[in-house]
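# Residue-level structure breakdown
Residue-level listing of the chains:
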Amino acid sequence: ALSMFGTTVGLYGIPWCKKSLLLTVLMSVIGASMGILDTGGNILVLNTWGAEAGPHMQALHFSFAAGAFVAPILAKMALGGSESEDFPVGGKANQSVLRSVPTASAASAVSVLKHHFGADFLWSYIVIGTYILLVSFIFFILYSKGSSARDKSQAASQKNTFAKYHYALIFLLFLFFFWYVGAEVTYGSYIFTYAKVFAEMKDNEAAALNSVFWGAFAACRGLAIFCAACLNPGTMILLSLIGSAVSSSCLAFFANYPASLWAGTAVYGASMATIFPSGISWVEQYTVVQGKEASLFVVGAALGEMCIPAAVGYLQGRFHHVPVVMYTALVTAVVTVLLFPLMYKLANCPGESDSKDRSESEDQKAFLSNPVHNEDEEDEEDVGEWNEADFEVIEMNDTLRNSVIETSRKIPGDSPAEVPPQPHQDNVLHDSPVVAAGSPGRKNVNVDREKND
C-alpha cells in the first residue's frame, strides 16, 4: 500500500516538473516504490497461499507482462491521434523554421509541443495515478482487516525450516535472476535495432518483431497460470531453460534466415516468461523465503536489467558487424542452464534437522518392531494380577466360613443340623469365576464335595 501510494505521488508530480533535479527525484521515488512492490508482492503471495502459490505467482507476473504489452499500445493510440490530426503540418513548418531561425523556432516548437501534447501527457499521468491510488486504498483496507491472516501467515512461515545450504542457494538464485532478467530486458530492448540494422527490416516490420517477443512473453505467462496447477515449478523451469537454449542457439547461428528469426524470437519470448515466478515458487519448497530473501532476488534482477543491456550497448558500439544481442542471449542461456542443476543439488541436500528426524523415526520403528518382548511383559503383568485376585478371594472365603461357624455356636438351641453345611461354602467357592478359572483352591473344593456326597 505504501509503495503504490509513493508511485501515485510521483505520477501526480511529474507533469508539473520544470526542473530536471525535481524530475529525477520523482522518478527515483517511483523506481524505489516499484522495487518495494516487487518484493512485497512476491512475499504476500507466498504468505497467503503457501505451497499452493504457483498459479497465483504466475498470475501476479502475468499482470506485469500484460501491462507492459498493452500500455505502450494505449499510449501510442492516445498520442498518435493528436499527432496525426493537428501536429504534422505544424511539425513540418517548425522544422523548416528551425533551419532558418534557430532561436525563435526552438521556442515556438517547444510551445507547440506543450500545446499539442501537454494535455494528453497530463491526463495520462492523472488517470494512471488515480487508478494506482485507488488500489493503494484497497490495500490499506485489507491491511486494517487482516490481523488474523497476518498472524496465521507468520505462524505458517515459522514452521518452515531452512535448507542446509540456505545462503548458498539464495546467492545462486540471485545470480540466476541476474542473468535471466538481464537477457530478457536486453533482447526486448535491442531486437528493434537488430531487425533494422542486421535484418534490414522496415520500421513496421521491426516493431512487429518486437511485438511478437513481448506478445509471446505475455501469452505464455497467462498460460502458465493453468500449467502451474498441474506442473511442478522445477519442471516448468527445466522446460523454459531448454526452450531458451534451443531458441537462442537458432538466433545466434541462423538469424540470417527470416523464418528462423521470427520463430526463434517467439519461442525465446515464451521460454523466458515463466522462469522468474517459477524460480520463486521453486525455492520456497526447499527453504524459507522472507522479505530479505525476496529483496535479494529483486536486486539481482534489477542489477541484471541495468548492467547487461549497458554492456551490450557498449560492445555493439565497438563491434558494429557482430550481432552482440544474439550472442548475449546464447551466453545467458548457457549460464542459467548450468546454474539450475547446481541449485537443485544444493536444495536436495538433507539438513541436520532432517537427519535427526530420520534417526528418531528409525528408533521408534525399532522399538515398536519387538512384539515378543512386549507380549512377555504383558503376560507377566496379567499373571501377577490374577494371582493377587485369587489370594483375595481365598482370604475372603476363609473369613466368611469362620464367621458362620462362630455365629452358629453362639446361638442357643440350634442343632448342628441347622448349621449351614460345608458344601454350601464350597459351592460359593466353586461359583466364583476366579476359582473356576483355575485358581489354586479348586482342587480342595472338589475333594470336600466328594466327601460330603
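For clarity, every value in this text was computed on a predicted model and none was experimentally measured.

### Overview of unusual backbone geometry
Backbone geometry places Glu 200, a non-glycine residue, at a positive phi of 55°. Here Glu 200 shows up in the loop between α7 (166-197) and α8 (203-227). Residue classification places Glu 200 among the exposed positions, given a relative accessible area of 67%.

### Re a nonpolar patch on the surface
On the surface, Leu 2, Phe 5, Val 9, Phe 137 and Phe 140 cluster together into a nonpolar patch covering about 480 Å² of accessible area. Mapped onto the nonpolar patch, the elements with two or more residues apiece are α1 (2-13) and α5 (102-144). Per-element tally for the nonpolar patch: the top contributor is α1, with three residues. Residue position: Phe 137 is located in helix α5. Owing to a relative accessible area of 43%, Phe 137 belongs among the partly exposed residues under this scheme.

### With respect to the pattern of salt bridges
Under the definition given, this model contains one salt bridge. Where Asp 203 meets Lys 196, a salt bridge forms, and the shortest distance between an N and an O atom there is 2.8 Å. Residue Asp 203 is classed as partly exposed on the basis of its relative accessible area of 45%.

### Observations regarding the packing of aromatic side chains
For the coordinates displayed, the defined rule picks out 13 aromatic pairs. Between the aromatic rings of Phe 171 and Phe 174, the centroid separation amounts to 6.3 Å while the plane-to-plane angle is 15°, which identifies the pairing as stacked. Of this pair, Phe 171 and Phe 174 both sit in helix α7, separated by three residues, roughly a single helical turn. Where Phe 177 meets Phe 276, the ring centres are 4.5 Å apart and the plane angle is 40°; that geometry is what we call tilted. Of this pair, Phe 177 sits in helix α7 while Phe 276 is found in helix α11 (residues 275-284), placing the two residues 99 residues apart along the sequence. We classify Phe 177 as buried; its relative accessible area is 0%. Here the aromatic residues Tyr 187, Phe 213, Trp 214, Phe 217 and Tyr 268 are joined through ring pairs into a cluster of three or more.

### With respect to the state of the cysteines
Under the criterion given, the structure shown has zero disulfides. Among the cysteines around Cys 220, which has no disulfide bond, Cys 227 carries the closest sulfur, lying 7.4 Å off.

### Notes on the side chain of Thr 8
Its location among the elements puts Thr 8 in helix α1. We classify Thr 8 as buried; its relative accessible area is 2%. Of note is the side chain of Thr 8, whose polar atom sits 2.9 Å from the backbone oxygen of Met 4. In contact with Thr 8, not counting residues within four places along its chain, are Gly 129, Ile 132 and Leu 133.

### Side note on the confidence of the model for the protein chain
Looking at the protein chain, pLDDT values average 74 and 64% of them are 70 or higher. Taken together, the stretch residues 365-375 has pLDDT below 50 and engages in zero contacts with residues farther than four places along the chain or on a different chain. Taken as a whole, residues 413-443 scores under 50 in pLDDT and shows 35 contacts with residues more than four places along the chain or in a different chain.

Cut-offs and rules
Residues numbered from 1 in each chain as written. Predicted model: local features only at pLDDT ≥ 70, side-chain atom pairs only at ≥ 80, totals over all residues. Heavy atoms only, no water. Helix = DSSP H or I, 4+ residues; strand = E, 2+ residues; numbered from the N terminus. Buried < 20%, exposed > 50% of the residue type's maximum accessible area, 1.4 Å probe, protein only. Patch = residues over 30% accessible without salt bridge, like charges linked within 9 Å, V, L, I, M, F, W, Y side chains within 5 Å. Areas by Shrake-Rupley, 256 points an atom, 1.4 Å probe, with all protein chains shown as cover. Salt bridge = Lys/Arg side-chain N within 4 Å of Asp/Glu carboxyl O. Phe/Tyr/Trp six-rings, centres within 6.5 Å; stacked < 30°, edge-to-face > 60°. Disulfide = S-S within 2.5 Å. Polar contact = N/O pair within 3.5 Å; in protein donor to acceptor, adjacent residues only side chain to side chain. Contact = heavy atoms within 4.5 Å. pLDDT = per-residue confidence, 0-100.

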